[in-house]
Amino acid sequence: MHWTTDRSAPSVGLVVITRTRSPIRSNVGLKAVMAVTGILLVLFLIVHMLGNLKIFTGETSFDHYAHWLRDIGTPLLPHTWYLWIQRTVLTVAVVAHIVAATVLARRARAARPVKYAHRKKVRGSYAARTMRWGGVIILLFVIYHILDLTTGHLNPQGDASNPYGNVVADFAPERWYVTLFYTLAIVTVGFHLRHGAFSAFRSLGQQTPRGERRARAGALVLAVGLCAGYLAVPFAVLTGLVS
Ligand code: HEM
């Protein structure tokens, strides 16, 4: 918190003291936190999706890739250190993203003098309306997903030395409900990403109808591309293309 003296305020020979927020806690600062953490999370999603697609190159190649993840940075960094640094950065990014979103939403609500009489008219797009619950669903999915494919506790095979086998066991045809659950979660990620990326592109690009159309198209391409890449893996296992 900063204390400033407001010399422009009407006063009779007095210095009026006002409170201003530190830059990071201002609305603009919080939106920057949302954008920077969002970009980090999207970068992770792109790299993770590309890594998952290596499943199409066969078991040896995929397992080799998964083991290599633990060796990134060696010998400069000890075994698995890079992975733990990445996990720490991602966790901090997720927490900061949620805190900034919650504070911004509370401020927006507090700034409204009265509740909207015609709520429906000002509700915005489907993606915009589902941001909060979408975020909660994604968080719950990631917790389940880590227990499934990272620690193996919820995986039918759960063999850390054979990630390919874990994925194949996970999405086996008789476990179609797991594929269904993953599909719902990935589509939720897609909607969340479409709105988040659209907001970011719109802020960065030209503030014109053309700029807005481009931002909308760019966000849609990103969201659909990521959804398709992620869904390819469970559906390839479900249909027997990968076994
Ligand atoms: C069908 C789609 C997906 C598949 C097949 C998949 C596969 C995997 C696998 C095999 C691992 C374990 C990697 C290892 O420890 O060697 C993993 C870890 C992980 N996945 Fe996914 N994933 C998918 C979708 C997602 C999505 C949509 C998200 C985020 C919203 C996500 C976030 C993570 C995270 C945070 C980890 C933990 C990484 C770590 O150990 O540090 N995954 N995934």
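Look above for the structure.
These notes cover the structure that comes with them.

Bringing the site of the ligand into the picture now. Taken together, 18 residues surround the ligand, and among them H48, N52, R70, R87 and H145 come closest. N52 is positioned such that a nitrogen or oxygen atom in its side chain is 3.4 Å from a nitrogen atom of the ligand. At 2.7 Å from a nitrogen atom of the ligand is found a side-chain nitrogen or oxygen belonging to H145. Every element with two or more residues in the shell around the ligand is listed here: α1 (27-52), α5 (131-150), α7 (176-204) and α8 (209-238). Here the element with the most residues in the shell around the ligand is α5; it accounts for five residues. Considered class by class, the residues forming the shell around the ligand number 12 nonpolar, four polar and two charged.

With that out of the way, let us pick up the pattern of salt bridges. Per the counting criterion, the structure on display carries two salt bridges. Between D170 and R175 there is a salt bridge, and its shortest N-O distance comes to 2.9 Å. Per residue, the accessibility class of D170 equals that of R175, and both read buried. With a shortest N-O distance of 3.6 Å, E212 and R216 are connected by a salt bridge. One end of the pair, E212, and the other, R216, are both in helix α8, four residues apart, so they sit about a helical turn from each other. Under the relative-accessibility criterion, R216 is labelled partly exposed at 43%.

With that settled, consider the coordination of the iron atom of the ligand. The iron atom of the ligand binds to the protein through H48 (NE2) and H145 (NE2), with metal-donor distances spanning 1.9 to 2.0 Å. Geometry at the iron atom of the ligand is octahedral, judged from the six donor atoms that bind it and their angles of 86 to 179 degrees at the metal. Here H145 lies in helix α5 and H48 lies in helix α1, a separation of 97 residues in the sequence. Look at H48 and you get partly exposed, because its relative accessible area is 23%.

Rules used in this analysis
Residues numbered from 1 in each chain as written. Predicted model: local features only at pLDDT ≥ 70, side-chain atom pairs only at ≥ 80, totals over all residues. Heavy atoms only, no water. Near = heavy atom within 4 Å. Polar contact = N/O pair within 3.5 Å; in protein donor to acceptor, adjacent residues only side chain to side chain. Helix = DSSP H or I, 4+ residues; strand = E, 2+ residues; numbered from the N terminus. Nonpolar A, V, L, I, M, F, W, Y, C, P; charged D, E, K, R; others polar. Salt bridge = Lys/Arg side-chain N within 4 Å of Asp/Glu carboxyl O. Buried < 20%, exposed > 50% of the residue type's maximum accessible area, 1.4 Å probe, protein only. Donors = N, O, S within 2.8 Å, 3.2 Å for Na, K, Ca; no water. Tetrahedral: all angles 85-135°; square planar, octahedral: opposite > 155°, others 65-115°.

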